[in-house]
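Results of the structural survey
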Amino acid sequence: MASTSSCPTASPSGRNNLVGCDGAHSLVRKAAGIEFPGWDPTMSWLIAEVEMSEEPQWGFRHNALGIHAIGVPPGSRGSPM
């Protein structure tokens, strides 16, 4: 992945900043040589906007892989939770 970026505005400290928020496995952070002195997550989230051909089973489910949910935020398209 090759990318260039500029940051025309300076921070209050007088330095230019570029912030990447792409997680603990960040390719950007690794390419910049920035360490991640953290720990493995105990929880992860995936939020997606999708169109489905059939009405899904709304709500939470538990299985061997964890807890999963399908829902629609209030005020958005689709069926209410």
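Preceding this paragraph is the structure being described.
Note that this is a predicted model, so its numbers are computed, not measured.

The rules behind the values
The residue numbering used here restarts from 1 in each chain and proceeds along that chain's sequence as written. Local features in this predicted model are restricted to residues whose pLDDT is 70 or higher, and side-chain atom pairs enter the listing and the counts only when it is 80 or higher, whereas totals over whole chains, interfaces and linings include all residues. To get the side-chain values, take all heavy atoms of the structure and skip hydrogens and water. We count a stretch as a helix when DSSP gives it H or I for four or more residues in a row; a strand needs E for two or more, and each element gets its number in order from the N terminus. We call a residue buried when its accessible area falls under 20% of the maximum for its residue type, exposed when it is over 50%, and partly exposed in between, using a 1.4 Å probe and counting protein chains only. By definition, residues are in contact when any of their heavy atoms lie within 4.5 Å. In this analysis, strands are considered paired if DSSP registers two or more bridges between them. The definition of a polar contact used here is a pair of N or O atoms within 3.5 Å, where within protein one atom must be able to donate a hydrogen and the other to accept one, and adjacent residues in sequence count solely through side-chain atom pairs.

Quick look at the overall build of the protein now. Helix and strand content of the protein: one helix and two strands. Buried residues in the protein amount to 6% of all 81 residues. For the protein, the proportion of contacts with a sequence separation of at least 24, taken over those separated by at least 6, is 12%.

All right, on to the pairing of strand β2 (residues 66-70) then. In the sheet, strand β1 (residues 59-63) pairs with β2 via five bridges, with the strands oriented antiparallel. Residue pairing across strands places F60 opposite A69, the latter belonging to β2. In this antiparallel pair of consecutive strands, β1 and β2, the connection spans two residues.

So, about the side chain of R29. Mapping R29 onto the fold places it in helix α1 (residues 27-31). Not counting residues up to four positions away in its chain, the partners in contact with R29 are G23, A24, I34, E35 and F36.

A separate point is the side chain of S26. Tracing the sequence through the fold places S26 in the segment before α1. For S26, a relative accessible area of 3% corresponds to the buried category. A distance of 2.8 Å separates a polar atom in the side chain of S26 from the backbone nitrogen of R29.

Coordinates in, geometry out; function isn't part of it.
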